[in-house]
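# Structural overview
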Protein chains: 2
Amino acid sequence: MKKQESASDGIRNKKGLTEAEFLVDYNPARYERPSVTVDMLIFTVKKRKEKNYRKLPENMLNILLIKRGEHPFLGKWALPGGFVNMDESLEEAAYRELEEETGLRDVYLEQLYTWGDVKRDPRTRVISTSYMALADSRVLSPKAADDAAEAAWFSVGYNLLKESREDTKDGYILRQTYQLILTGDEEKLTAVLEVTKTVNKGTVLIDRKLKESEGIAFDHGRIIAYAMERLRSKIMYTDIAFHLMPELFTLTELQQVYEVILGKELLKANFRRKVARMVAETKEYRTDAGHRPSKLYRFNIEI
Amino acid sequence: MKKQESASDGIRNKKGLTEAEFLVDYNPARYERPSVTVDMLIFTVKKRKEKNYRKLPENMLNILLIKRGEHPFLGKWALPGGFVNMDESLEEAAYRELEEETGLRDVYLEQLYTWGDVKRDPRTRVISTSYMALADSRVLSPKAADDAAEAAWFSVGYNLLKESREDTKDGYILRQTYQLILTGDEEKLTAVLEVTKTVNKGTVLIDRKLKESEGIAFDHGRIIAYAMERLRSKIMYTDIAFHLMPELFTLTELQQVYEVILGKELLKANFRRKVARMVAETKEYRTDAGHRPSKLYRFNIEI
DNA sequence: TCAAAAGTGTTGCATCTACACCCATGC
DNA sequence: GCATGGGTGTAGATGCAACACTTTTGA
């Protein structure tokens with residue numbers, strides 16, 4: 001973001017070189033280097049069809065995946081992403097990938113985590129930084145992919161299957177098994193994650209292992225699971241949910257987004273009080289359904 | 001952490017190659033690659049001397065820095081760190097650097113953020129992942145550095161200097177100026193950070209610029225500032241503070257750690273109620289000072 | 001004796017939780 | 001009419017902020 005000013009002008013090192021002289025001499029190719037990529041977790045909310053004229057359509061959290069057309073993991077589904085060019089920052093690479101994949105530019109983007117296991121890509125050593133983008137449901141140009149790659153939205157389910165706690169001498173071990181289910185129009189992908197929290201005299205170690213992975217390429221099941229946990233914790237104390245909403249929305253639609261991310265139901269009255277200060281009502285109503293019309297709200301910038 | 005099983009056995013790509021055949025052919029050296037490093041933010045808490053026999057020594061948050069013995073930024077202070085080897089994960093590299101620098105192994109370690117600006121290192125393109133380590137005050141082997149590099153602890157101060165808000169058409173711009181002050185035995189290093197939050201129709205953009213940097217190498221002032229913000233927000237809803245404490249501690253010592261990280265004073269009675277469930281009292285007392293003896297507590301594993 | 005810190009109690013206010021209840025619509 | 005969702009009120013529990021107060025020690 002900012003160019004470093006030369007900070008040690010005139011100072012000479014042990015060989016008597018100034019910084020400028022040193023840099024001319026510097027050979028960056030001495031060490032072997034890993035490849036660096038960005039992986040994009042692009043989320044949006046989509047409605048499921050509903051034939052009952054009274055019932056509201058159910059909202060689902062969706063993620064964009066790309067079907068791999070080349071080895072490795074040929075035919076499996078992977079996160080969109082690609083190599084970081086030498087003349088672009090990580091963030092610029094993330095925005096570029098986002099735009100290539102969806103045509104979107106002005107959306108919420110957040111760096112999630114950097115994955116650096118040695119064998120995570122069978123081709124070569126790849127370190128990849130994952131970014132999470134939240135797009136609202138209006139602008140879902142699903143397959144704006146210019147290359148031949150097939151892109152599709154998958155609804156995301158992430159649930160705790162089983163939990164066990166074992167007490168040790170100076171602490172305990174908490175084992176949690178989560179299931180990730182990604183449902184597309186034709187395919188259903190699954191992964192099972194084992195999260196182990198080892199607490200020992202105040203030292204906490206969290207290990208996330210991918211136990212099974214059906215149809216998902218690389219370690220991307222683990223990355224999606226990590227994103228879900230981040231989404232769940234952030235939705236409670238920030239306003240990220242609004243990035244998934246269109247300009248105007250009903251409070252029930254907003255509540256459904258919260259419920260879909262948290263994986264549990266909320267009480268209507270309490271939810272409305274909780275978000276009251278974050279929304280501003282408009283004069284418009286949604287009237288198409290077989291029940292009382294609902295007021296439309298927008299995000300309240302004042303807070 | 002886990003080797004990927006070959007997931008597309010037998011499937012052939014457009015050229016008729018199986019995954020095994022494809023990988024034999026794959027040439028990883030086609031693209032130019034950035035260097036990847038880890039930067040370590042090693043924090044601990046140290047007491048300041050106090051001559052008044054009644055008064056308690058003041059606790060300060062400290063960070064370990066290394067004086068650069070080579071260009072660029074020769075003579076400036078930098079975060080410990082180094083290149084990631086091809087056969088070690090990012091986390092393994094972080095633990096290795098931590099051990100080389102401090103001799104510590106079993107401490108709290110957390111990945112913070114990955115910095116990928118193009119010009120952040122004048123030598124070559126360097127992408128670096130920062131890790132935060134919290135060590136308790138007992139085990140501070142300050143300069144276990146085996147090489148010639150000089151290492152030292154600096155107390156950390158991070159304060160909001162100025163804040164202004166400007167309303168725009170569809171949102172607002174919040175500008176905050178923070179000052180980072182690192183005080184060592186002989187030197188005082190400073191940096192000024194400008195954090196700009198641009199809120200626009202629900203899109204939030206956070207930009208952190210390093211405005212001044214006195215005595216701190218690279219963009220490390222910005223990284224330290226980021227770590228301070230992470231520490232501040234996490235201390236309120238997690239138990240990380242305990243990783244900075246020795247096995248046994250008084251509640252006042254614990255409160256001082258909270259105060260030093262938050263940069264503000266807390267009310268004693270309320271603080272004690274807040275941490276009550278996270279600590280377990282022992283039968284031991286601290287009796288050396290000119291006031292009522294204080295009970296020693298330990299971290300409560302039960303919660 | 002007394003400064004400094006250890007430690008406890010109280011009160012008011014804000015927030016969360018659970019549940020009950022009435023309102024308005026399209027078919 | 002009625003199923004469905006829109007929308008509000010209330011009582012009890014819980015949590016937090018601010019302040020006042022008592023206790024104990026070493027020099």
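Worth saying up front: this structure is predicted, and the values here are computed from it rather than measured. (Residues numbered from 1 in each chain as written. Chains lettered and ligands numbered in written order. Predicted model: local features only at pLDDT ≥ 70, side-chain atom pairs only at ≥ 80, totals over all residues. Heavy atoms only, no water.)

## Comments concerning the domain arrangement of chain A
Residues and elements named next belong to chain A.
- What the domain assignment lists for chain A is domain 1 (35-156 + 217-236) and domain 2 (245-299).
- With 18 residues of domain 1 in contact, the opposing surface of domain 2 contributes 16 residues.
- Summed over both partners, the interface of domain 1 with domain 2 comes to about 1,500 Å²; 63% of that surface belongs to carbon and sulfur atoms.
- Run the count over domain 1 and domain 2 and you get two residue pairs in polar contact (both at pLDDT 80 or more).
- Among the secondary structure elements, those contributing two or more residues to the side of domain 1 that touches domain 2 are strand S1 (35-47), strand S2 (59-67) and helix H3 (220-237).
- Examining the composition of the side of domain 1 that touches domain 2, we find that five residues originate from one element, H3, more than from any other.
- For the side of domain 1 that touches domain 2, a count of residues per class yields ten nonpolar, two polar and six charged. (Domains from an automatic or database assignment. Contact = heavy atoms within 4.5 Å. Buried area = accessible area lost by both parts, 1.4 Å probe. Polar contact = N/O pair within 3.5 Å; in protein donor to acceptor, adjacent residues only side chain to side chain. Helix = DSSP H or I, 4+ residues; strand = E, 2+ residues; numbered from the N terminus. Nonpolar A, V, L, I, M, F, W, Y, C, P; charged D, E, K, R; others polar.)

## Things to note about the protein's contact with DNA strand D
- By nearness alone, 26 residues border DNA strand D, and Arg54, Thr252 and Lys268 of chain A together with Arg54 and Arg292 of chain B come closest of all.
- Here a base nitrogen of DNA strand D sits 3.1 Å away from a polar atom, N or O, in the side chain of Arg273 of chain B.
- Looking at the surface near DNA strand D, the elements with two or more residues in it are helix H5 (268-275) and strand S12 (294-299) of chain A together with helix H5 (268-275) of chain B.
- Here the element with the most residues in the surface near DNA strand D is H5 of chain A; it accounts for four residues.
- Here the residues of the surface near DNA strand D are counted per class, giving eight nonpolar, eight polar and ten charged. (Near = heavy atom within 4 Å.)

## Quick word on the relation of the copies chain A and chain B
- Under the fitted operation, chain A is carried onto chain B by 0.0 Å of movement along the axis and a turn of 180°, and the coordinates agree to an RMSD of 0.1 Å. On this basis, the relationship between the two copies can be described by a two-fold rotation axis.
- Mapped onto chain B, 99% of the interface residues of chain A again fall at the interface, so both copies present the same surface. (Least-squares fit on C-alpha atoms with pLDDT ≥ 70 in both.)

## Structural notes on the interface of chain A and chain B
- Counting from both sides, the interface comprises 76 residues of chain A and, opposite them, 76 residues of chain B.
- Buried area between chain A and chain B, summed over both chains or domains, comes out near 6,900 Å², and the portion from carbon and sulfur atoms is 59%.
- Between the two partners, chain A and chain B, sit zero salt bridges.
- Among the elements of the structure, helix H1 (19-25), S1, strand S5 (108-115), strand S6 (126-134), strand S8 (171-183), strand S10 (203-214) and H3 of chain A are those that each provide at least two residues to the side of chain A that touches chain B.
- Partitioning the side of chain A that touches chain B into residue classes produces 32 nonpolar, 18 polar and 26 charged. (Salt bridge = Lys/Arg side-chain N within 4 Å of Asp/Glu carboxyl O.)

## Quick word on the nonpolar core
- The biggest cluster of nonpolar side chains holds 53 residues, and the ones touching the most others in it are Phe43, Ile63 and Leu182 of chain A.
- Considering each element in turn, this core owes the most residues, eight residues, to H3 of chain A.
- Counting the residues that make up this core, at least three belong to each of domain 1 (35-156 + 217-236) and domain 2 (245-299) of chain A.
- For Leu182 of chain A, the contacting residues outside a window of four places in its chain are Ile63, Leu65, Phe154, Ser155, Val156, Glu187, Lys188, Leu189, Ile216 and Ile224 of chain A.
- By size, the runner-up hydrophobic cluster in this structure holds 52 residues, among which are Leu41, Trp77, Leu112 and Tyr178 of chain B. (Core = buried A, V, L, I, M, F, W, Y, C linked by side-chain atoms within 4.5 Å. Buried < 20%, exposed > 50% of the residue type's maximum accessible area, 1.4 Å probe, protein only.)

## Here's the deal with the protein's contact with DNA strand C
- Taken together, 25 residues lie near DNA strand C, and Arg54 and Pro293 of chain A together with Arg54, Thr252 and Lys268 of chain B sit nearest.
- Sugar plus phosphate: this is where 52% of the atoms of DNA strand C within 4 Å of the protein reside.
- A distance of 2.9 Å separates a base nitrogen of DNA strand C from a polar atom in the side chain of Asn270 of chain A.
- The side chain of Thr252 of chain B places a nitrogen or oxygen atom 2.4 Å from a phosphate oxygen of DNA strand C.
- If you list the elements that add at least two residues to the surface near DNA strand C, you get H5 of chain A together with H5 and strand S12 (294-299) of chain B.
- Here the surface near DNA strand C is composed, by residue class, of eight nonpolar, seven polar and ten charged.

## Focus on the packing of aromatic side chains
- Throughout the structure, instances matching the rule amount to 19 aromatic pairs over all chains.
- Ring plane angle 70° and centroid distance 5.1 Å describe the contact between Tyr258 of chain A and Phe271 of chain A, whose orientation is recorded as edge-to-face. In this pair, Tyr258 of chain A sits in helix H4 (residues 251-262) while Phe271 of chain A sits in helix H5, placing the two residues 13 residues apart along the sequence. Note on accessibility: Tyr258 of chain A and Phe271 of chain A belong to one class, buried.
- Seen in terms of ring centroids, Trp77 of chain B and Phe154 of chain B are 4.9 Å apart; in terms of plane orientation they differ by 65°. Their pairing is edge-to-face. Here Phe154 of chain B lies in strand S7 (residues 150-168) and Trp77 of chain B lies in strand S3 (residues 77-78), a separation of 77 residues in the sequence. With respect to burial, Trp77 of chain B and Phe154 of chain B carry one shared label: buried.
- A connected cluster of aromatic rings, assembled from ring pairs, spans Tyr113, Trp115 and Tyr226 of chain A.
- Geometry around Tyr172 of chain A places Arg165 of chain A over its ring, the cationic atom sitting 3.8 Å from the centre. (Phe/Tyr/Trp six-rings, centres within 6.5 Å; stacked < 30°, edge-to-face > 60°. Lys NZ or Arg CZ within 6 Å of the ring centre and 35° of its normal.)

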